[in-house]
Amino acid sequence: MDMKNSTKSDALLVSDYMKGNESALCELITRHKQRIYSFIYSKVFDRDVAEDIFQDTFIKVIKTLKKGAYNEEGKFLPWVMRISHNLVIDHFRKNNRMPKFENNDDFNIFSVLSDGALNAEKQLVKEQVESDVRRLIQELPDDQKEVLMMRMYKEMSFKEISEQTGVSINTALGRMRYALINLRKVIDKHNIVLTN
């Protein structure tokens, strides 16, 4: 039976499971476990939490399939990845933390927003991270917020920022520096963990 299952498409295995063949689900989990677990772990950096979210993902998958509510036209893996992504976001909301991402220098906190080469899995959480960072920026003083938004979202040079705001380049640089220092304080206040 297993040998036969291993050559079947995801869509056929889903169909078999919905008709009552329990081993079809085992085959699907085995086939995709590494990919889904790796994605979850890359966001939470904790094996126990990743395992819990992985289990919750398949509990949700099973409930949906049992209800006959699955209609993804054979796109099983992207559907499961979306479920796991939503559970990761729920986990961070519950714990009042954003996903961890690299912060090796002043500007890297924003690298997740501007990296054009984001792979499909990172793209899944990009929108959530972006909205959280924008929310944190709203807590900055207006002059710092203005420079930071021009630099990060409009990609303006400090010379352009200086010309548009009517302050010297040194003042613009100073405001950017204070904006980043204050953003760090806001991040600490919200207990957001950044990896070093």
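Residues numbered from 1 in each chain as written. Predicted model: local features only at pLDDT ≥ 70, side-chain atom pairs only at ≥ 80, totals over all residues. Heavy atoms only, no water.

1. Considerations on the packing of helix H2 (residues 10-18) against helix H3 (residues 22-44)
Then comes step 1: Closest axis-to-axis distance for the H2/H3 pair is 7 Å, and the angle between their directions is 145 degrees. Crossing hand, H2 versus H3: left-handed. On H3, the residues touching Asp10, Leu13, Val14, Asp16 and Tyr17 of H2 are Glu22, Ala24, Leu25, Glu27, Leu28, Arg31 and His32.
Then comes step 2: Looking at the contact of H2 with H3 residue by residue, the class counts come to 6 nonpolar, 1 polar and 5 charged. (Axes fitted to C-alpha atoms, helices over the stretch in contact; angles between N-to-C directions. Helix = DSSP H or I, 4+ residues; strand = E, 2+ residues; numbered from the N terminus. Left-handed = near helix turned anticlockwise from the far one by under 90°. Contact = heavy atoms within 4.5 Å. Nonpolar A, V, L, I, M, F, W, Y, C, P; charged D, E, K, R; others polar.)

2. Quick word on H2
Then comes step 1: Among all positions in H2, only Asp10, Leu13, Val14, Asp16 and Tyr17 are buried. The arc enclosing the buried residues of H2, seen along the axis, measures out at 160 degrees, which places them on a common side.
Then comes step 2: At the C-terminal side of H2, Gly20 shows a positive phi close to 110 degrees. (Buried < 20%, exposed > 50% of the residue type's maximum accessible area, 1.4 Å probe, protein only. Arc of directions from axis to C-beta.)

3. Regarding the nonpolar core
Then comes step 1: Of all hydrophobic cores here, the largest spans 27 residues; its most connected members are Ile36, Ile40, Val61, Leu65, Phe76 and Trp79.
Then comes step 2: Of all the secondary-structure elements, those providing two or more residues to this core are H2, H3, helix H4 (47-66) and helix H5 (76-94).
Then comes step 3: Among the nonpolar cores identified, the runner-up in size contains 19 residues, and Leu148, Met152, Ala172 and Ala179 belong to it. (Core = buried A, V, L, I, M, F, W, Y, C linked by side-chain atoms within 4.5 Å.)

4. Let's talk about the side chain of Thr57
Then comes step 1: Tracing the chain through its elements places Thr57 in helix H4.
Then comes step 2: Those residues in contact with Thr57, other than ones at most four positions away along the chain, are Ile40, Val80, Ile83, Ser84 and Leu87.

5. Some words on the pattern of salt bridges
Then comes step 1: This model, assessed by the stated rule, comprises 8 salt bridges.
Then comes step 2: Residue Arg31 is joined to Asp10 by a salt bridge in which the shortest nitrogen-to-oxygen separation is 2.8 Å. Here the residue Arg31 occupies a position in helix H3, and Asp10 occupies one in helix H2, the gap between them amounting to 21 residues.
Then comes step 3: Relative accessible area serves as the criterion here: at 30%, Arg31 is assigned to the partly exposed category.
Then comes step 4: The exposure class of Asp10 is buried, given its relative accessible area of 15%. (Salt bridge = Lys/Arg side-chain N within 4 Å of Asp/Glu carboxyl O.)

6. Structural notes on the packing of aromatic side chains
Then comes step 1: Evaluation of the coordinates by the stated rule reveals 6 aromatic pairs.
Then comes step 2: With centroids separated by 5.1 Å and ring planes inclined at 50 degrees, the aromatic side chains of Phe54 and Phe58 adopt a geometry described as tilted. Here Phe54 pairs with Phe58, and both are found in helix H4, just 4 residues apart, close to one helical turn. As far as burial versus exposure is concerned, Phe54 and Phe58 are alike and both buried.
Then comes step 3: Plain terms: the ring middles of Phe76 and Trp79 are 5.9 Å apart, the flat faces sit at 55 degrees to each other, and that makes the pair tilted. In this pair, Phe76 and Trp79 both sit in helix H5, 3 residues apart, roughly one turn of the helix. In this pair, the class of Phe76 matches that of Trp79, namely buried.
Then comes step 4: Among the aromatic residues, those joined into a cluster by ring pairs are Tyr37, Tyr41 and Phe45.
Then comes step 5: Above the ring of Phe54, the side-chain terminus of Lys33 is found at 5.1 Å from the ring centroid. (Phe/Tyr/Trp six-rings, centres within 6.5 Å; stacked < 30°, edge-to-face > 60°. Lys NZ or Arg CZ within 6 Å of the ring centre and 35° of its normal.)

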